[in-house]
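# Topology and contacts: notes
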Amino acid sequence: MPTRPYVIDEMISAKAIAARIEDLCREIQTEFAGTDKLVVVGLLRGSFVFIADLVRELDLPIEVDFLEASSYGDGMESTREVRILKDLRGAIEGRDVLVVEDIVDTGHTLNHVTHLLESRLPARLKSIALLDKPSRREVDFKANWTGFEIPDEFVVGYGIDFAQRNRNLPYIGKVRFAEK
Ligand code: PRP
């Protein structure tokens, strides 16, 4: 639970997110046109809202699976270890895979997960992130599709938490701590 009082200012509206998802889905459909073996993989927990909206807009035959990764480090080092807390239920060898992430920050999580899944020999592996904070990058990683590039702000909502709160906001908000 957050310990300091704060307010949330809307940064990206629910309407803007929905419109961007429509555009992204058109591009994804073009990329995966004709496939009948696409697995859409959500990275828990932050992607649960995004993947729910994304797959309902995607006019393709898909399966859905989830993977949970946690990254940790002391914040001072540029090397962060990523642990798999929950692996996929299904095998992806020979399958087309779309990995869905809420935000790419340092890049360690999606970089690690992408390498891990590549080692399982999928036919094609692509990634999509709703948000990208390129100014925070520590490893050279870019998702194949990005919803919105944002500055280095503390964001919450649409699946993203502040100390596990605010994931259920329907929009992306910016956290502002109240003056003392
Ligand atoms: C957040 C977010 C991404 C990751 C991005 O996950 O959901 O998965 O951090 O950061 P990175 O690019 O610096 O690796 P978090 O570990 O907070 O877990 P959560 O998804 O359960 O909120």
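This write-up is about the structure you can find in this document. As the structure is a prediction and not an experimental result, all values here were calculated from the model.

Criteria and thresholds
- What you see as residue numbers is a count from 1 along each chain, following the sequence as written.
- Whole-chain, interface and lining totals are the exception, using all residues; otherwise, since this is a predicted model, local features are given only for residues with pLDDT of at least 70 and side-chain atom pairs are given and counted only at 80 or more.
- Side-chain descriptors were evaluated using all non-hydrogen atoms of the structure, hydrogens and water having been removed beforehand.
- Here a helix means four or more residues in a row that DSSP labels H or I, a strand means two or more in a row labelled E, and each is numbered from the N terminus.
- Residue burial is assigned from relative accessible area. The probe radius is 1.4 Å, only protein chains are included, and a residue is buried under 20% of its type maximum, exposed over 50%, and partly exposed in between.
- Here an angle of 0 to 180 degrees is reported between the N-to-C directions of two axes, which are lines fitted to C-alpha atoms, with helices fitted over the stretch in contact.
- Orientation labels follow simple angle bins: below 35 degrees gives roughly parallel, above 145 gives roughly antiparallel, 65 to 115 gives roughly perpendicular, and whatever is left gives oblique.
- Crossings are classed by handedness, with left-handed meaning an anticlockwise turn of the near helix from the far one by less than a right angle and right-handed meaning a clockwise turn.
- When checking whether two residues touch, look at their non-hydrogen atoms; a contact exists if any pair is within 4.5 Å.
- When residue character is reported, Ala, Val, Leu, Ile, Met, Phe, Trp, Tyr, Cys and Pro are called nonpolar, Asp, Glu, Lys and Arg charged, and the others, Gly included, polar.
- Pairing between strands is defined by DSSP: at least two bridges between the two strands are required.

### Some details on unusual backbone geometry
Here the residue pair Leu44 and Arg45 is connected by a cis peptide bond, since its omega of 0 degrees sits within 30 degrees of zero. Assignment of secondary structure puts Arg45 in the loop between strand E2 (38–44) and helix H2 (48–57). Unusually for a residue other than glycine, Tyr158 sits at a positive phi of about 50 degrees. With respect to the helices and strands, the residue Tyr158 is situated in the loop between strand E8 (155–156) and strand E9 (172–177). Residue Tyr158 is classed as buried on the basis of its relative accessible area of 4%. In the Ramachandran plot, Gln164 falls in the positive-phi region, its phi being about 75 degrees despite a non-glycine side chain. A relative accessible area of 42% places Gln164 in the partly exposed class.

### Points about the packing of helix H1 (residues 14–31) against H2
At a closest axis distance of 9 Å, the pairing of H1 and H2 adopts a crossing angle of 60 degrees. In terms of orientation, H1 and H2 fall into the oblique class. Every pair of crossing elements has a handedness; the one defined by H1 and H2 is right-handed. Every residue of H2 that contacts H1 at Ile21, Glu22, Cys25, Ile28 and Gln29 is listed here: Phe50, Asp53, Leu54 and Glu57. Its residues assigned to classes, the contact of H1 with H2 comprises 5 nonpolar, 1 polar and 3 charged.

### As for the pairing of strand E5 (residues 96–104)
Residues in a regular strand project their side chains so that they alternate between the two faces of the sheet. Within E5, 9 of the 9 residues are buried, leaving the element largely enclosed by the surrounding structure. Sheet topology note: the E2/E5 ladder contains 5 bridges and is parallel. Bridged to Leu38 within E5 is Asp96. Judged from the 8 bridges that link them, E5 and strand E6 (residues 124–132) form a sheet pairing that is parallel.

### Examining the pairing of E9
Inspection of the sheet shows strand E1 (residues 6–12) paired to E9 by 6 bridges, in the antiparallel sense. Residue pairing across strands places Glu10 opposite Gly173, the latter belonging to E9.

These results come straight from atomic positions and should not be treated as a statement about function.
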